[in-house]
Amino acid sequence: MSSDPAGHARQLFDLSGRVAVITGGSIGLGRQMAEGLAEMGANLVLCARKKERCEQAAAELKALGVTTLALACDVTSPSSIQEVVSITAARFGRIDILINNAGTSWGAPVEEMRLEDWNKVIETNLTGTFLCSQAVGKVMIGQGRGKIINIASIAGIAGSPPELEAIGYSASKGGVITFTKDLARKWAKHGIRVNAIAPGWFPTHMSGAVIQRNKEHLLQGIPLGRFGNEHDLKGAAVFLASDASDFVTGQVLVVDGGQTA
């Protein structure tokens, strides 16, 4: 732990010894946020459907001097989520931070979108956020404190241009934003802070192809003139995970280079 006194800025951001569960934490934005938390001292539980990816990320992040755990998890399955919560609680005795990052998308014109594709996106992005928050929240309620960070998107704040055909994604992220605000009011009495991060365009496994197809057009709409990089989400995640944000709940922190300004 830091030797700085309580209330010192370094102490407020220090995550030494905290335990963070990050869904979809093996690649992309989840991996970036996991690294940021680990750099500030947090122990990590990385979970995703592809456990081998989590194991690789966990092995790499362990080099930062923290304890890491890799688990398989399907965020649409209550029993799968409960297994992660049970293993984490048994291993660490607590859960301080939950980042609901697991997500998916599907591109199709609205008039042609198949119900099963719509449902898959809603179940992963919105229902998954609810199920993980519910399961981890029970542990946090028992502790009397916790930080939940839901990963929304600027697509959940306003409509997307016609060439971006992913209405299920936009709807799910809009739902995540309202879910965040409502849960923050419900669980404030338990000492649980619930906030969301709404990233703009970051080149990732999921968004890479869309960015490549629409690169010049997308860049024109970003005042800072670039896409998000491999460090741009770290600060937001650390802030919302740490004591520095103890008087912040029910908020959406937009990290988009000024696109929604």
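Up top you'll find the structure we're talking about.
Only a predicted model underlies this, so the values are computations on that prediction, with no experimental measurement involved.

**What about the overall build of the protein?**
Link 1 in the chain: A tally of helices and strands in the protein yields nine helices and seven strands.
Link 2 in the chain: Taken against the 2.2 N^0.38 rule, which gives 18 Å for 261 residues, the C-alpha radius of gyration of the protein at 18 Å falls within 12% of a compact globule.
Link 3 in the chain: Over its C-alpha atoms, taken along the principal directions, the protein stretches across nearly 55 × 40 × 35 Å.
Link 4 in the chain: Taken across its 261 residues, the protein has 50% of its residues classed as buried.
Link 5 in the chain: For the protein, restricting intrachain contacts to residue pairs at least 6 apart in sequence, the fraction spanning at least 24 positions comes to 72%.
Link 6 in the chain: Carbon together with sulfur atoms contributes 54% to the accessible area of the protein, which is approximately 12,200 Å² in total.

**Thoughts on the nonpolar core**
Link 1 in the chain: Core analysis: the biggest nonpolar cluster contains 31 residues, and M33, L37, L44, L46, I99 and I197 have the highest contact counts within it.
Link 2 in the chain: At the level of secondary structure, the elements contributing two or more residues to this core comprise β1 (19-23), α2 (28-39), β2 (43-48), α3 (51-61), β4 (97-100), β5 (146-151) and α9 (234-241).
Link 3 in the chain: Residues contacting L46, with those up to four places away along its chain left out, are I22, G25, A34, C54, A57, A58, L61, L69, A70 and L71.
Link 4 in the chain: Among the nonpolar cores identified, the runner-up in size contains 26 residues, and V45, L69, L71 and V194 belong to it.

**Some details on empty space enclosed by the protein**
Link 1 in the chain: Applying the stated criterion across every chain yields a total of two cavities of 30 Å³ or more.
Link 2 in the chain: Empty space within the largest cavity amounts to approximately 50 Å³.
Link 3 in the chain: Lining the largest cavity are V21, T23, C47, C73, I81, V84, V85, L98, C132 and V136.
Link 4 in the chain: Among the secondary structure elements, those contributing two or more residues to the lining of the largest cavity are β1, α4 (78-92) and α5 (115-143).
Link 5 in the chain: For the lining of the largest cavity, the leading source of residues is α4, giving three residues.
Link 6 in the chain: Each residue belonging to the lining of the largest cavity can be placed in one class, and the counts come to nine nonpolar, one polar and no charged.
Link 7 in the chain: Its boundaries defined by the atoms lining it, the second largest cavity holds a volume of some 30 Å³.
Link 8 in the chain: Surrounding the second largest cavity, T23, V75, N100, N101, A102, T124, G128, T129 and C132 form its lining.
Link 9 in the chain: Here the lining of the second largest cavity takes four residues from α5, the largest share from any one element.
Link 10 in the chain: The class makeup of the residues in the lining of the second largest cavity is three nonpolar, six polar and no charged.

**Quick look at the side chain of D4**
Link 1 in the chain: On the secondary structure map, D4 appears in the segment before α1 (9-13).
Link 2 in the chain: On the basis of relative accessible area, D4 is assigned to the buried category, the value being 17%.
Link 3 in the chain: Within the local environment of D4, its side chain forms a polar contact with the side chain of R10, the two groups lying 2.9 Å apart.
Link 4 in the chain: With residues up to four places along the chain from it excluded, the contact list for D4 reads R10 and Q11.

**What about the pattern of salt bridges?**
Link 1 in the chain: The final tally for this structure, using the stated rule, is 13 salt bridges.
Link 2 in the chain: Note that E116 and R114 form a salt bridge whose closest N and O atoms lie 3.8 Å from each other.
Link 3 in the chain: Notably, a salt bridge pairs R114 with D117, separated by 2.7 Å at the nearest N-O pair.
Link 4 in the chain: The exposure class assigned to D117 is buried, which follows from its relative accessible area of 8%.
Link 5 in the chain: Taken together, the shared-partner salt bridges in this structure form one network comprising R31, E35, E39, E60 and K234.

**So, the packing of α4 against α5**
Link 1 in the chain: Contact pair α4 / α5: the axes reach a minimum separation of 10 Å and the direction vectors enclose 35°. Like other packed secondary-structure pairs, α4 and α5 cross with a definite hand, here right-handed. Contacts from P78, I81, Q82 and V85 in α4 reach L131, C132, A135, V136 and V139 in α5.
Link 2 in the chain: For the contact of α4 with α5, the residue count by class is eight nonpolar, one polar and no charged.

**With respect to a nonpolar patch on the surface**
Link 1 in the chain: On the surface, V110, L115, W118 and I167 cluster together into a nonpolar patch covering about 360 Å² of accessible area.
Link 2 in the chain: When you line up the elements, V110 lands in the loop between β4 and α5.
Link 3 in the chain: The exposure class assigned to V110 is partly exposed, which follows from its relative accessible area of 48%.

**Details of the sheet that holds strand β3 (residues 68-72)**
Link 1 in the chain: Strand order in the open sheet formed by seven strands is β3-β2-β1-β4-β5-β6-β7, with parallel pairing between adjacent strands. The open sheet has two edge strands with one neighbour each: β3 and β7 (252-255). Between one strand axis and the next, the sheet turns through 15° on average, direction left out of account.
Link 2 in the chain: Taken together, the four bridges between β4 and β5 define a ladder with parallel strand orientation. Across the sheet, the residue bridging to I99 is I149, located in β5.
Link 3 in the chain: Sheet strands in contact with α5 are β1, β4, β5 and β6 (192-199), and its direction is about 175° off that of β4.

Parameters and conventions
Residues numbered from 1 in each chain as written. Predicted model: local features only at pLDDT ≥ 70, side-chain atom pairs only at ≥ 80, totals over all residues. Heavy atoms only, no water. Helix = DSSP H or I, 4+ residues; strand = E, 2+ residues; numbered from the N terminus. Rg over C-alpha atoms; globule rule 2.2 N^0.38 Å. Buried < 20%, exposed > 50% of the residue type's maximum accessible area, 1.4 Å probe, protein only. Contact = heavy atoms within 4.5 Å. Areas by Shrake-Rupley, 256 points an atom, 1.4 Å probe, with all protein chains shown as cover. Core = buried A, V, L, I, M, F, W, Y, C linked by side-chain atoms within 4.5 Å. 1 Å grid on protein atoms, 1.4 Å probe; cavity = no way out; pocket = protein on both sides within 12 Å on 5 of 7 lines; lining within 4 Å. Points joined across faces, edges and corners; volume = space filled by probe spheres on them. Nonpolar A, V, L, I, M, F, W, Y, C, P; charged D, E, K, R; others polar. Polar contact = N/O pair within 3.5 Å; in protein donor to acceptor, adjacent residues only side chain to side chain. Salt bridge = Lys/Arg side-chain N within 4 Å of Asp/Glu carboxyl O. Axes fitted to C-alpha atoms, helices over the stretch in contact; angles between N-to-C directions. Left-handed = near helix turned anticlockwise from the far one by under 90°. Patch = residues over 30% accessible without salt bridge, like charges linked within 9 Å, V, L, I, M, F, W, Y side chains within 5 Å. Pairing = 2+ DSSP bridges.

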